[in-house]
Amino acid sequence: MEASKSGANAPLLFDLEQDGKAEGMKAKEGRKSAKGESSRDTSESESAPPKKDEGGRRATAQELATKQREISVSEFFTKNRHLLGFDSPLKALLTAVKEAVDNSLDACEEAGILPEITVEITKTGEDRFRMAVEDNGPGIVPEQIGKVFGKLLYGSKFHKLSQTRGQQGIGISAAGMYGQLTTGLPVRIVSRTSKKQPAHEYQLSIDTLRNKPDIHESKTMDEWHQEHGTRVEIEMEARYQRGDKSVDMYLKETAIANPHLTLHYKDPTVGSEGGSQLVTYERATKHLPPEAVEIKPHPHGVELGRLIAMLKETESRTLSSFLQEEFVRVGPKVVDDICSRAKVSEKSRPAQIAREEASALHTAIQSAKIMSPPTNCLSPIGEELILAGLKKEIEADFYCATTRPAAVYRGNPFQIEAGIAYGKPGGVGLELTEEGRIQKRKSVVVTEDLVGDADAQVRILRFANRVPLLYQQGACAVTRAVIETNWKNYGLSQPKGSLPIGPCAVFVHIASVWVPFTSESKEAIANYDEIVDEIELALRECGRKLGQYIRKGKRLQSEFNKRSYIEKYIPHIGIALQEILDLSDPDRDQTVAVLDDVLQKSRKV
């Protein structure tokens, strides 16, 4: 047994011996190489670089600490201007105009003034343009001009829960920063608050390292043609061209979504040989949109971290008063329900609530039944004004619009509106008279504008708080909802997973206290399921009206073709009856007229 064991282990012992010899040989070679290297190191010590430590570390924590510094928001966006929509000269011009016009509209509406805005784009060099936007708003007090136009993340709308176009306080100051970056020229602002006050002119730039305005010049102007208002001029590196994603299209869509606006537009070609003319979009109504009232946050939209911060910052003395004063739709009964679920006393001091109690309180809030937030914080366009805007700026044959009831996402109220403009002017070229006759319409001049050809994809007009969205259509919740809607039910052809085909423009508007944009450039709406579902419901409602119109048009065309075919034989029938019944010519003509009248009224379309 012992012999067998030693025989079985012999190969293993042999391998171990070989391994040991191999390791010994490697150790000898390593010592030799080490001696050689040490001799070389001694001779080359003066010229060799300093050795790294055993861990391969290149710098100490103290050395790294000396390189760290604070980054201002202006400095960050200077290097990342593409995040704000200034990633190309063509898009930069559109973004600058958009930000200025949005600010002007917000200012006029908050002051209760019917907006009248002038947009001027002037070419100043081979790749340079001066953008100027002037409004008749309330103006800006001189002390605030520098902060509004020369400081990023400065504004009055970020913490305000009501529908506004601007949100972060970045847009117009970022446009000035882009102009300063590409041309080195300051922004020029002229503003006047009333007829009794002089106008103030400022020329300023942004100190990007400190995120503060650098005012180069300020003076008063005794004479200015506006009694009150603001004018901003920015010269920048840009490119101008017409098209679907141009300044021209943005202003046209702005006029559709803001029918109370009068807009004057002067493009770079006005006044040149063969250039265009000054364009004016007249207002369709003299009534301002209903005022959006500021509301408090809804409990269901507050996350745990924000709730803990609010508990520390509040001036309320008890948890009960905190919940009722800091949130909307919270009354005594809701407070009892929340506190009993969280097992926290209503009389607890908010600042002394521990993190575990705050977590339980947050869980109880999410599970409690609380009314949806009020909708007076929203200012939708309305079906009547959507139709007025569509008819004013789009030549089509059929229009319809709808406004959905308010809904909620993450505690934020929002409202979806949709509209459709379908068909070239004249439609099928037929109309039904009151007498039941089908007749051809008078010839209409057909223009290719927002309604495309019959074999092209429908055009989507996307709006967020009345602001057109022209870029990133594929990443937007509106596009997703349009694609997921079954347009075949409403008479349009639709390839699988694609936009429908037809001469149609689809209008979709979201009004919300906080629009969930996918980026700081505010070009696409995030794909929240609640928002997508509401858009689909609005599109289906408009689609049903469109389907009725398309089916009626097809029936009208079919009936017209049948009647035209029969009409050819009515005179021959009259002649045959005249021969059979021996009728006179007047009797024959009367019989033919009766037969034609019966033919026209015999079917209902």
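Right above here is the structure, for reference.
Here we summarise the structure given alongside this text.

The rules we used
- Residues numbered from 1 in each chain as written.
- Predicted model: local features only at pLDDT ≥ 70, side-chain atom pairs only at ≥ 80, totals over all residues.
- Heavy atoms only, no water.
- Phe/Tyr/Trp six-rings, centres within 6.5 Å; stacked < 30°, edge-to-face > 60°.
- Helix = DSSP H or I, 4+ residues; strand = E, 2+ residues; numbered from the N terminus.
- Buried < 20%, exposed > 50% of the residue type's maximum accessible area, 1.4 Å probe, protein only.
- Lys NZ or Arg CZ within 6 Å of the ring centre and 35° of its normal.
- Salt bridge = Lys/Arg side-chain N within 4 Å of Asp/Glu carboxyl O.
- Pairing = 2+ DSSP bridges.
- Axes fitted to C-alpha atoms, helices over the stretch in contact; angles between N-to-C directions.
- Parallel < 35°, antiparallel > 145°, perpendicular 65-115°, else oblique.
- Left-handed = near helix turned anticlockwise from the far one by under 90°.
- Contact = heavy atoms within 4.5 Å.
- Nonpolar A, V, L, I, M, F, W, Y, C, P; charged D, E, K, R; others polar.
- Core = buried A, V, L, I, M, F, W, Y, C linked by side-chain atoms within 4.5 Å.
- Expected span 1.5 Å × (residues − 1).
- Disulfide = S-S within 2.5 Å.

We now examine the packing of aromatic side chains. Under the defined criterion, the tally for this structure stands at eight aromatic pairs. Seen from their ring centres, Phe86 and Tyr178 are 5.1 Å apart, and the 20° between their planes marks the pair as stacked. One end of the pair, Phe86, is in the loop between α3 (73-79) and α4 (89-110); the other, Tyr178, is in helix α6 (residues 171-183), with 92 residues separating them in the sequence. For the pair Phe86 and Tyr178, one class covers both residues: buried. The ring of Tyr471 has Lys91 sitting right over it, with the charged end atom 4.7 Å from the ring centre.

Here the focus is the pattern of salt bridges. Tallied over the entire structure, the rule returns 30 salt bridges. Across the pair Glu134 and Arg231 runs a salt bridge whose closest N-O atoms are separated by 2.8 Å. Taken together, the residues Glu134 in strand β2 (residues 128-135) and Arg231 in strand β6 (residues 229-237) connect sequence positions 97 residues apart. With a closest N to O distance of 3.5 Å, Lys252 and Glu393 form a salt bridge. One end of the pair, Lys252, is in helix α7 (residues 247-257); the other, Glu393, is in helix α12 (residues 383-393), and 141 residues separate them in sequence. By relative accessible area, Glu393 is classed as buried at 10%. Here the salt bridges share partners, and the residues they tie into one network are Glu120, Glu134, Arg188, Glu201, Lys219, Arg231 and Glu233.

This part covers the sheet that holds strand β4 (residues 199-207). The eight strands lie next to each other as β5-β4-β3-β6-β2-β1-β7-β8, forming an open sheet whose pairing is mixed. Across the chains shown, the open sheet's two edge strands, defined by having one partner strand only, are β5 (212-221) and β8 (279-281). Here the average twist between neighbouring strands, direction ignored, is 15°. Taken together, the six bridges between strand β1 (residues 116-123) and β2 define a ladder with antiparallel strand orientation. Of the residues in β2, the one forming a bridge with Lys123 is Phe129.

It is worth spelling out the packing of helix α10 (residues 332-342) against helix α11 (residues 355-367) at this point. Two measures define how a pair of helices packs: the angle their axes make with one another and the distance between the axes. Here α10 crosses α11 at 130°, and the two axes come no closer than 8 Å. Our classification of the angle between α10 and α11 gives oblique. The crossing of α10 and α11 is right-handed. Contact residues: Ile338, Arg341 and Ala342 in α10; Ala360, Leu361, Ala364, Ile365 and Ser367 in α11. Residues that form the contact of α10 with α11 fall into these classes: six nonpolar, one polar and one charged.

A separate point is the nonpolar core. Residues Val97, Val101, Val119, Met131 and Leu251 are the most contacted members of the largest nonpolar core, which totals 47 residues. In contact with Met131, other than residues within four places in its own chain, are Leu93, Ala96, Val97, Ala100, Glu120, Val232, Glu233, Ile234 and Met236. Tyr490, Val506, Leu546 and Ile550 belong to the second-largest nonpolar core, a separate cluster that totals 38 residues.

We now examine α4. The terminal C-alpha atoms of α4 lie 32 Å apart, and with 22 residues this matches the ideal 32 Å at 1.5 Å per residue to within 8%. Two residues or fewer past α4, Gly112 is found with a positive phi of approximately 75°.

As a further point, take the state of the cysteines. All chains considered together, the criterion is met by zero disulfides. With no disulfide partner, Cys400 has as its closest neighbouring cysteine sulfur the one in Cys542, 4.2 Å distant.

Everything listed here is a matter of geometry and, on its own, says nothing about what the molecule does.
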